[in-house]
Amino acid sequence: MTLYEAKKGENYRIEGLFVEPGITRRLQALGLNDGTVVNILNRKKHGALIIRVRGTRLALGKHISSNIEISEMKENKDE
């Protein structure tokens with residue numbers, strides 16, 4: 001699935017960045033690398049996403065978030 005399809009409040013692991021090379025380098029410099037865990041904080045109108053990655057909040061537009069592949073985090077809750 002893509003980051004654009006993610007649900008608010010959930011954690012996901014980045015599997016791949018499939019945007020232009022310049023954008024990919026910038027996202028990697030911000031900490032968005034394969035295997036990085038991101039949390040979806042908010043979803044704005046017109047497709048913008050607010051995410052938390054390595055303690056930093058980032059806003060990503062629809063074009064970028066729809067080209068980032070993610071996988072769901074399996075949470076093990078033993079209560």
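In the block above lies the structure referred to throughout.
Summary of the structure given here. What you are looking at is a predicted structure, and each value in this text was computed from that prediction instead of being measured.

## Overview of the overall build of the protein
Argument step 1. Secondary structure assignment for the protein yields two helices and five strands.
Argument step 2. The helix and strand sequence of the protein, counted from the amino end, reads β-α-β-β-β-α-β.
Argument step 3. With the C-alpha coordinates of the protein rotated into their principal frame, the extents come out at 45 × 25 × 25 Å.
Argument step 4. Of all 79 residues assigned to the protein, the portion counted as buried reaches 34%.
Argument step 5. Look at the contacts in the protein between residues 6 or more apart in sequence, and 56% of them connect residues 24 or more apart.
Argument step 6. Working note: accessible area of the protein is about 5200 Å², and carbon and sulfur atoms make up 47% of it.
Argument step 7. Between the mean site of the 14 positive side-chain charges and the mean site of the 10 negative ones, the protein shows a separation of 10 Å.

## Observations regarding the sheet that holds strand β5 (residues 68–72)
Argument step 1. Spatially, β4-β3-β2-β1-β5 is the arrangement adopted by the five strands of the open sheet, whose pairing is antiparallel. Each edge of the open sheet carries a strand with a single partner, namely β4 (56–60) and β5. Each neighbouring strand pair of the sheet contributes to a mean axis angle of 45 degrees, computed without reference to strand direction.
Argument step 2. Across five bridges, the pairing between strand β2 (residues 37–43) and strand β3 (residues 49–53) is antiparallel.

Conventions used here
Residues numbered from 1 in each chain as written. Predicted model: local features only at pLDDT ≥ 70, side-chain atom pairs only at ≥ 80, totals over all residues. Heavy atoms only, no water. Helix = DSSP H or I, 4+ residues; strand = E, 2+ residues; numbered from the N terminus. Buried < 20%, exposed > 50% of the residue type's maximum accessible area, 1.4 Å probe, protein only. Contact = heavy atoms within 4.5 Å. Areas by Shrake-Rupley, 256 points an atom, 1.4 Å probe, with all protein chains shown as cover. Lys, Arg positive; Asp, Glu negative; His and termini not counted. Charge placed at Lys NZ, Arg CZ, Asp CG, Glu CD. Pairing = 2+ DSSP bridges. Axes fitted to C-alpha atoms, helices over the stretch in contact; angles between N-to-C directions.

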